[in-house]
Structures are given as structure tokens and as C-alpha cells.
Amino acid sequence: MVRRRFSFGLVSRLSSPIYGRSPCSGGIWTPCLGQKRSFMTAKDLVESEEPEKKVTNRINMFSAINQALHTVLDSDPKSYVFGEDVGFGGVFRCTTALRDKFGRHRVFNTPLCEQAIVGFGIGLASMGNRAIAEIQFADYIFPALDQIVNEAAKYRYRSGNLFNCGGLTVRAPYGAVGHGGHYHSQSPEAFFCHVPGIKVVIPRSPSQAKGLLLASIRDPNPVVFFEPKWLYRLAVEEVPVDDYTLPLSSAEVMRKGSDITLVGWGAQLAIMEEACDEVSKLGISCELIDLRTLIPWDKELVEDSVNKTGRLLAPVTGGFGAEIAASITNSCFLRLQAPVSRVCGLDTPFPLVFEPFYMPTKNKIVDAIKASVNF
Amino acid sequence: MVLGRSFEDMCAQMYYRGKMFGFVHLYNGQEAVSTGFIKLLKQTDFVTSTYRDHVHALSKGVPARQVMAELFGKSTGCCRGQGGSMHMFSAEHGLLGGFAFIGEGIPVAVGAAFTSKYKREVLKEEGDMPVSIAFFGDGTANNGQFFECLNMAQLWKLPVIFVVENNLWAIGMSHYRSTSDPEIWKKGPAFGMASAHVDGMDVLKVREVAKEAVERARRGDGPTLIECETYRFRGHSLADPDELRAPAEKAHYAARDPIVALKKYLLDNEIATEAELKSIEKKIDEVVEDAVEFADASPLPGRSQLLENVFADPKGFGIGPDGRYRCEDPGFTAGTAQV
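The rules behind the values
- Residues numbered from 1 in each chain as written.
- Chains lettered and ligands numbered in written order.
- Predicted model: local features only at pLDDT ≥ 70, side-chain atom pairs only at ≥ 80, totals over all residues.
- Heavy atoms only, no water.
- Salt bridge = Lys/Arg side-chain N within 4 Å of Asp/Glu carboxyl O.
- Helix = DSSP H or I, 4+ residues; strand = E, 2+ residues; numbered from the N terminus.
- Axes fitted to C-alpha atoms, helices over the stretch in contact; angles between N-to-C directions.
- Parallel < 35°, antiparallel > 145°, perpendicular 65-115°, else oblique.
- Left-handed = near helix turned anticlockwise from the far one by under 90°.
- Contact = heavy atoms within 4.5 Å.
- Nonpolar A, V, L, I, M, F, W, Y, C, P; charged D, E, K, R; others polar.
- Domains from an automatic or database assignment.
- Buried area = accessible area lost by both parts, 1.4 Å probe.
- Polar contact = N/O pair within 3.5 Å; in protein donor to acceptor, adjacent residues only side chain to side chain.

**Focus on the pattern of salt bridges**
Okay, so step 1: Evaluation of the coordinates by the stated rule reveals 35 salt bridges over all chains.
Okay, so step 2: Across the salt bridge formed by A:D242 and A:K54, the nearest N and O atoms sit 3.3 Å from each other. Taken as a pair, A:D242 in the loop between β10 (236–240) and β11 (252–255) and A:K54 in the loop between β2 (39–40) and β3 (56–60) lie far apart in primary sequence, 188 residues in all.
Okay, so step 3: Among the charged side chains, a salt-bridge network with shared partners connects B:D199, B:D202, B:K205, B:E229 and B:R256.

**Quick look at the packing of helix α4 (residues 64–72) of chain B against helix α12 (residues 274–297) of chain B**
All names here are of chain B.
Okay, so step 1: Orientation of α4 relative to α12, taken along the N-to-C sense of each, is 45 degrees, at an axis distance of 8 Å. On the basis of their axis angle, the class for α4 and α12 is oblique. Crossing of α4 against α12: the hand is right-handed. Judged by residue contacts, A64, R65, M68, A69 and F72 of α4 engage V287, D290, A291, V292, F294, A295 and D296 from α12.
Okay, so step 2: Within the contact of α4 with α12, the residues separate by chemical class into 9 nonpolar, no polar and 3 charged.

**Quick notes on the domain arrangement of chain A**
All names here are of chain A.
Okay, so step 1: Taken as a whole, chain A is organised into domain 1 (56–240) and domain 2 (252–374).
Okay, so step 2: When each unit is reduced to the centre of its C-alpha atoms, the spacing between domain 1 and domain 2 is 26 Å.
Okay, so step 3: Taken together, the contacts link 26 residues of domain 1 with 21 residues of domain 2.
Okay, so step 4: Carbon and sulfur atoms supply 65% of the area buried between domain 1 and domain 2, which totals about 1,900 Å² over both sides.
Okay, so step 5: Linking D290 and R204 is a salt bridge whose minimum nitrogen-to-oxygen distance equals 2.6 Å.
Okay, so step 6: Inspection of the domain 1/domain 2 interface yields 9 residue pairs in polar contact (both at pLDDT 80 or more).
Okay, so step 7: Secondary structure elements with two or more residues in the side of domain 1 that touches domain 2: α6 (189–192), β8 (199–201) and α7 (206–218).

Shown next as C-alpha cells:
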């Protein structure tokens, strides 16, 4: 497992954000945190094994994803990017300049039909192409759920390896963004984690996003790649300019600790890091793991960690946390010193005005860590 | 129409002042469609809409105060602040909802139409057959749900009217570049359904076509598909910089502004005087101002509302074993809400 030195710069989300049109957003609305802003600056969390001098650029997540897509379309003439509004760059600008560079026959808009977008992508992939389908918001992925679960996941299996749709990658922005409401904030990754045959990958930062996306596209299995939309502009990092991949099904230890293991993915890790910082003042040492690939997930690394610490706080985005909790309880039962706990959103549909109360905030995580440690 | 326009302009102002938030989609330019159709309906008729639903709500009779309060997320809004801009509902006025997801409202309208027909024909209830209208856009006309519903509605001859507000753009996708046959009204006859194409910038023409469709539905002769050629003057939403549409196209449609056109018609045919029109506008301004003040002064919903209405029985979820709402539990504010 390659562990890299990286730096994390992102704007912390505190209570009562001040909403407004950010002047730097280039027209796309972003939550403007106004005076209550605080930056988490460069954090060198893990020592790198190979002290290579990589040329890097300081860019945000959508630019990193854009670079990855440019790289793929450059290197493989049979790769295609399609979805709603990808032509002009996409509503999150992830596909900027692709159409101009590679042409309308490789980067094209589809009509508004998610089921057909993914189904068509499966067809393309089964013919040996790399189909990169974009679903505009993960909340809209449900019409395509049938195609992903019933077709993409089973394609290789049911044809006895005569055909496969490994070239399919479905990208979707997911997660809360502060003002999204019911249908622009959902985190549906758990639905896909119960389907054998596909992989689910979620990056936490721009450099991770580029590497994981390149790995996902090149992986010979269909991958659903969720991008935390909250981090598209807010997460800024030094990202290597060259073509690199990060391994799938390999979790990463972001912070070493000895009292409790926290497992998470995507945007939530930033909040978890804040919680870890806060409890470290109380002398609780947290080990923070980024799962990166949700299925198939890196069980060994998490088990090793729990065997070391004896406590587990499983994913804060709920759903898939159940699988992790069950698995760890099974394998590390005698070592556990406290029940596995989960901190997630509440059991209601994603609310509109009540989002600050719904979200698994830093305080909720801190409380859960303390409860687990003091069990 | 004037109410719709003033209201939407005020929405934009309030949004940029930070009073409302989220994704807001304004209806400027398309008012003729809403007015033309919905003003023919009774309170017992049904309307389903899209995320661009403020003016549909206003046309259907939902008070401007309630709509504005809903946009501000206040508890006096039509959905008690739960829905927001894209989810206006009103049981009293038969507004079955704005829907954030495209095409989701069409099957709902078809279901409501089935109920109307059933109540009248099987249960022999008195009164006019309530009609349902489903509003949606050109992008939705490429979606599977649309076709499935056209088939069902015509098969069972349901009193539903499908109104396509073709404003030529689905965020950044031009209708002509995403549809094999851009003439949407032609999709009706493929299902054996009566259909029409109308200039959606002219409220009187829309009303004519709408009348025929509503009468057909009330008689029990089945559904109609109507394509209204219209245009939105603003971007897709208040976050959309609207860079993709050609200025020439925008200018062309701005010249066909439905409100300006109707004004001209009224003045030319001496149906109303300048003074009367001005007094209407003044009254509308007062209504909108009053709506904003009301919404501003209204309280935010209590935190207990977060857990309400997930299921039918609040005790099954929202109320804890001690008989109080779970979110009144002190642990809630501390952060460890175990729900």
C-alpha cells in the first residue's frame, strides 16, 4: 500500500452558514461561509515511503477529477464520457474542456433518462469500450438502480465470462452540501454495497479522487464512483500532475491511534478529523481509517486496527456501517472493549431546514467517541 | 401572470439577500402557460408540477404568503417548511406537488385522474369529474416515465392533461440536440391520444386549447397532450449563470413576453385602461410585499418537526418511551441522538 504525504486545505463547516453567492464560484452557487471561516491548513498526516519529488498543482476536487478524465480520454481512444450536461462542463464543472478537446463523438450529452444512460453505458462497456457515465446527482441514480444491480453486476457472472461490462464507471456527486434538501443531498452508497459484482469507491480529497478515479476506470469491473459534492470546490490540495492510480480495495490509515478506531469515507472524514482533534485534548488517541473502496472493502486493515485499539466507531454515513460493524464484531469479538457504535444521519428523509440537526456533526462524533472509550 | 412575475422577481431578490436558500427555479417568461391552464380549473381539480412550481402554486390559489413562507422555510409555509422551493403542496387547493425529480409528477397526476374517474363512474359520486393536469418540461419528454404514463392514460381514458412546457433547454441541454423528433406534440398520436401544439407565450391561445382539453377530460373522453412553446427568461435556477443560450434567442422571446403581449391586447381592444392595469400592478406589489413581511415574521419550525411525519404514527418513531418527542431529549442537543 502506498502511503503518500498530502496536505489538506478545506473550509470547515460551522453552524449557521451564511448563505450567499460566492464571488469566486464562477457563477455556480456555493455556500459562502462569510466571516465564520476557518481553514485547516497543510497536515502531513502520514510519512511517505518513497520520497519522490512529484510535480504537483494546487487544485480542487473537480479539477482533479477533470484531469483524471482528460488522462483517460487521452490514453484510450475507445473511452467515452456521457451524461446530462457534460458537454459544457457539467453542473459541477468536472467535465470542463473535454468536449472541446476530444470531440462530440466522445464527450456527449444524453437526454434526461438515467436508466437509459446506465443501460447504454453497459452496452458500450460490453463491447470493450470504457464508458464513463455521469449521473448528475446521486439522488437521481435510482432509475438506474435496476440496470446497475440487475445488469451490470451480473453481466460477467451470467454469461460465464463471455461478456462483461468492466469498462463501465458510473460517476455521481453525492452527499450533503448545506442547502440541497431532499433530492440533492442523499448518500445512496449503501444501496450499492449489497450487490456482488460491482465496486463502490469514494474519495476523500482531490489527490485521492484523481488516483482512485483513474484506478476505477481502469479496473476490469463495473465501478460506481461517488464524489462528495461538498468538497468539489472546498477541498484544495497538491495533486500530482502525472498519471497515477491508487489501489482499490485498500483502505488508508489517516491517523494512527491507540484508543479507538474510526472508519469513514468521503467528506465525512473531515468532520471526523475535527472530532479526533478535539478528543485528543482529552487524551483519547484515535486511529482514523479512510475506507476508500466500500465494496470489496479492506477488512484486514480494519481488523488489524481494531485488534490494536479494541474499539470501533463505524461509518458516520450510516447504511454500510452495519456491514462493517457486523464483520468486525464477528472477527474481533474477544478483543472489543466496547460495543461497535455508529454515528449517522437520523432515520428521516434528508431534511431541508433541519439539515444542521440531521447531520452527524463533530459534536455527535465526539460524544460517541467518549461514550465508547468510557464504556 | 403579473403576480407570478412579481413574485418570482421578489424571490430572486430574497435569495440574493440570503433570506431563502437551496435550489430555487424561477418561472419568469412562462406565466402564460400556468395562467392559461390553471385558471380554468376548479379547486377540486388537481395539478402536479416540477421544481419550477411557485407560479403553479400561486395560480392554483395557494396564498402568496404561504408560498413565500415555505420558501423561507418557516412553519407557516404551505408544507410547514418541510418542502421548500421545489415541493409546494396544498391539499386544500389540489396541488399534488412540485417534484424535484423530473417526471415524477406525471404518474401522480395519472393516479389522481384514475381516482376521479373511479369516484364518478363506479362510486357514482355527484359533481363534475375532477381533472388532473401534469406540467413538465421538454427534457422530461425523453424520460421513460412520460411514455409509460401516456400509454396508461390513453389506455384507460383518464381525465388527465399532459402539458409540456417546452422552453427549449434542460439546464444546458438544447431540446433540439437531445430529442430525435423535437415536435413533442407528435408523441400523443403515437399512443392514440389527442394532442396539440400552442404558442405558450400567448395566454389567450393557451386558454383556448386548454378549454378544449379540460372539456374533453371532464366529458370522460380521455387525456390530451399539449405542447406549449415557451421560454424562461432567467437561468435554470438562481445558481445558473445562463451563459449557454444565445442572446439572439433570448431577445426573440423577450419580445414575446406574455405579460406585455396581454397588456397590449387589453389596451388595443379597450378592455382595460392604463390606469386599471397600473392599479392591478400596484395591488400585486402590495400582495408580494405583504407575503415577504409575513414570511419574515413567521417562526422557524420547531426542532421536533424534524422527526414528525416520517411514518403515519408519530409514536412509532418520533416520540420516545417517556412520552415526549425524542428530540426534546437533552441528548439531542449534545449530539448523540439515538433515534
